[in-house]
Amino acid sequence: MAGFSELIKNFDKTREYVRDFFIYGCKVRSDFDKKSVRTYDDEKRRVESWMQDYMRYDDSAKGRHVSISVDSGHISENPLYNAYYSKSFTDNDIKLHFLLIDILQDGRSRTLRELTDTLNSEYEQLFDDQTVRNKLKEYTDEGIVAAEKQGKTMYYSLAALCADDLIKMYRGLDDALKFFSEAPDLGVIGNSIMKAVGIKNDLFHIKHNYMIHSLEDILVPDILAAIDDKCSITVKKFSWKKDDEFSEEEIIPMQILVSVQTGRRYIAAYVPRRRRFVTFRLDRIKQIKRESVCADYDRLRERYDVNIQRCFGVSFGDRHEVGAVSAIKITFTVDERNESFIIDRLEREKRCAVLEKTGEGLYTLTADVFDPNELMHWAKTFIGRIVSIEGGTERIRQRFYSDIRRMYRMYGGIEDEHIQ
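Predicted, not measured: the structure shown is a model, and the values here were computed from it.

Digging into the overall build of the chain
A count of helices and strands for the chain gives 14 helices and 14 strands. Here the chain holds 420 residues, and the buried ones make up 41% of them. The long-range share in the chain, meaning contacts at least 24 apart out of those at least 6 apart in sequence, stands at 62%. Carbon and sulfur atoms make up 49% of the accessible area of the chain, which amounts to about 24,400 Å² in all.

Structure representation (structure tokens):
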């Protein structure tokens, strides 16, 4: 029986465990039914070793809930990055890494044959050409090794500049690196460079840092590459009913969006099967597979650029086009003399809506958007100032009134007879 190891072979599997059990924190050990409980125990120990002091344990009738509890405003490094540094490797991987660096550190360029011969003659290590070629290609892609073709032969050498040299060369680059290491997108790259050169972030703490995004960063490069190359992709999604069930959808990605209300990230894409634009949550996507180039991409992109202007948030709702129903109008009351900050906020946050003064102390917001629900969620933050809601659909209006009545009951208030 294999012993426990902190290293992992498959990041996708670990990403699922961390997300389901330690981020959401709503599952217990008995909910783990994919494999044996031994597997769950190993994954739990692995995450505990990464997260150190950030684990939280809560007991309930259902069992013990284990979750990650972090105040992002008081830490200088996202602890979830540790998951990326735990990939397993073979003895040959680590051996070949140090031997190649040792051979090339004199600055000379060498061919593949020269490298394999040197490994054999000077280090008494026998590696076949394909193994060494694959390792050199990997290091070339990562910028560790420079490859230059001379005639028909490829020559390899260590890259001329490394992170240490660049940081010494450019003043302030180390501070930029510290900021980038905690930036929302691909901060693990900045963090890994800092680890390599021995720098620690002593400048930046981000109060509202959605650290779970670091688990999604493994998907982002493939999405951005598909957008740049105008390719379609197939996304393998977690089922909303059961996390061990999946569905696949071929989509044409347009943009990665971030919700300012929830902090979640989404792919905005055209779905040929549905013949419309849809958004998919990144944390609900398991894998991405690149497909063929989309010949109609430019036309779809033009449509997207028009449609996204009518999204209040990140949702395209159920409507194929705006104007299908009347625009929704929300009127707010404001004490103009003492509450100019409310008017400023309405102007600042109205996005694609239109704000007009319609009376003494009355301001009306008019919006024709794909998903009015997103607008209504925002409007509720002005609760107590809403005078009337017109237009839209009956369902949207009644849902708002129902929420108000439910709030009155929840807080023990008197039912307002005027709420319809």
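Some details on a nonpolar patch on the surface
A cluster of nonpolar side chains, contributed by Leu161, Met169, Tyr170 and Leu173, occupies part of the molecular surface with about 380 Å² of accessible area. By secondary structure assignment, the location of Tyr170 is in the loop between α6 (163-169) and α7 (173-181).

Looking at the environment of Asn338
With respect to the element layout, Asn338 can be found in the loop between β11 (328-333) and α12 (340-349). For Asn338, a relative accessible area of 55% translates into the label exposed. Among the polar contacts made by the side chain of Asn338, one reaches the side chain of Asp335 at a distance of 3.1 Å.

Quick word on the sheet that holds strand β8 (residues 265-271)
The antiparallel open sheet is built from five strands, whose spatial order is β9-β8-β7-β6-β10. Bordering the open sheet on either side are β9 (276-281) and β10 (285-293), each of which pairs with just one other strand. When strand polarity is set aside, the average angle formed by the axes of neighbouring strands in this sheet is 45°. Across six bridges, the pairing between β8 and β9 is antiparallel. Residue pairing in the sheet places Ala268 in a bridge with Thr279 of β9. Docked against the sheet, helix α10 (residues 220-228) engages β6 (231-238), β7 (246-258), β8 and β10, running at close to 75° with respect to β7. Of the strands in this sheet, β7, β8 and β9 touch helix α11 (residues 297-307), which is tilted by about 65° from β7.

Details of α12
What α12 keeps buried is the set Ile342, Ile343 and Leu346. Relative to the axis of α12, the buried residues are bounded by an arc of 100° and lie together on one face. Exposed side chains of α12 directed beyond 90 degrees from the buried face belong to Phe341 and Arg348. One or two positions beyond α12, positive phi appears at Arg351, with a value near 55°.

What to know about the packing of aromatic side chains
For the coordinates displayed, the defined rule picks out eleven aromatic pairs. Taken together, the ring pairs connect Tyr270, Phe277, Tyr304, Phe316 and Phe370 into an aromatic cluster. Positioned above the aromatic ring of Phe382 is the side chain of Arg345, whose terminal nitrogen or guanidinium carbon lies 4.0 Å from the ring centre. For the cation-ring pair, Arg351 lies above Phe312, with the distance from its terminal atom to the ring centre recorded as 4.2 Å.

Thoughts on the pattern of salt bridges
If you walk through the whole model with that rule in mind, you get 27 salt bridges. Linking Lys135 and Glu138 is a salt bridge whose minimum nitrogen-to-oxygen distance equals 3.6 Å. Placement of both Lys135 and Glu138 in helix α5 (residues 129-141) is noted, with a separation of three residues, approximately one turn of the helix. The partly exposed category is assigned to Glu138, whose relative accessible area is 36%. Close ionic contact of Asp403 with Lys380 constitutes a salt bridge, the shortest N to O distance being 2.4 Å.

Considering the layout of surface pockets
Put simply, the largest pocket is a space of about 1,800 Å³. Lining the largest pocket are 39 residues, and of these Glu138, Tyr139, Glu142, Ile144 and Ser192 sit closest to its centre. Elements with a contribution of two residues or more to the lining of the largest pocket: α3 (91-104), α5, α6, α7 and α8 (187-197). Looking at the lining of the largest pocket residue by residue, the class counts come to 24 nonpolar, seven polar and eight charged.

Comments concerning the nonpolar core
Ile251, Met254, Ile267, Ile285, Tyr304 and Phe316 are the most contacted members of the largest nonpolar core, which has 34 residues in total. When contributions to this core are tallied by element, the ones reaching two or more residues are α10, β6, β7, β8, β9, β10 and α11. Counting residues per element, this core draws most heavily on β8, at six residues. Residues in contact with Ile251, not counting those within four places in the same chain, are Ser232, Ile233, Val235, Ile267, Ala269, Tyr270, Val271, Pro272 and Phe280. Listed in part, the 24 residues of the second largest apolar core include Tyr363, Ile386, Ile396 and Ile404.

Digging into the side chain of Asp283
Locating Asp283 in the fold gives a position in the loop between β9 and β10. One polar contact links Asp283 to Arg281, side chain to side chain, over a distance of 2.9 Å.

Describing the side chain of Lys135
What makes Lys135 buried here is its relative accessible area of 10%. Aside from chain neighbours lying at most four places away, what touches Lys135 is Asp93, Leu96 and Leu100.

A word on the packing of helix α4 (residues 112-121) against α5
Relative orientation and spacing of two packed helices are given, respectively, by the angle between their axes and the distance between those axes. Look at α4 against α5: their axes get within 10 Å of each other, and the N-to-C directions meet at 115°. With respect to α5, the axis of α4 lies roughly perpendicular. In the crossing of α4 with α5, the sense of the turn from one axis to the other is right-handed. Every residue of α5 that contacts α4 at Leu112, Arg113, Leu115, Thr116 and Leu119 is listed here: Asp129, Val132, Arg133 and Leu136. Among the residues forming the contact of α4 with α5, the class breakdown is five nonpolar, one polar and three charged.

What counts, and where the lines are drawn
Residues numbered from 1 in each chain as written. Predicted model: local features only at pLDDT ≥ 70, side-chain atom pairs only at ≥ 80, totals over all residues. Heavy atoms only, no water. Helix = DSSP H or I, 4+ residues; strand = E, 2+ residues; numbered from the N terminus. Buried < 20%, exposed > 50% of the residue type's maximum accessible area, 1.4 Å probe, protein only. Contact = heavy atoms within 4.5 Å. Areas by Shrake-Rupley, 256 points an atom, 1.4 Å probe, with all protein chains shown as cover. Patch = residues over 30% accessible without salt bridge, like charges linked within 9 Å, V, L, I, M, F, W, Y side chains within 5 Å. Salt bridge = Lys/Arg side-chain N within 4 Å of Asp/Glu carboxyl O. Polar contact = N/O pair within 3.5 Å; in protein donor to acceptor, adjacent residues only side chain to side chain. Pairing = 2+ DSSP bridges. Axes fitted to C-alpha atoms, helices over the stretch in contact; angles between N-to-C directions. Arc of directions from axis to C-beta. Phe/Tyr/Trp six-rings, centres within 6.5 Å; stacked < 30°, edge-to-face > 60°. Lys NZ or Arg CZ within 6 Å of the ring centre and 35° of its normal. 1 Å grid on protein atoms, 1.4 Å probe; cavity = no way out; pocket = protein on both sides within 12 Å on 5 of 7 lines; lining within 4 Å. Points joined across faces, edges and corners; volume = space filled by probe spheres on them. Nonpolar A, V, L, I, M, F, W, Y, C, P; charged D, E, K, R; others polar. Core = buried A, V, L, I, M, F, W, Y, C linked by side-chain atoms within 4.5 Å. Parallel < 35°, antiparallel > 145°, perpendicular 65-115°, else oblique. Left-handed = near helix turned anticlockwise from the far one by under 90°.

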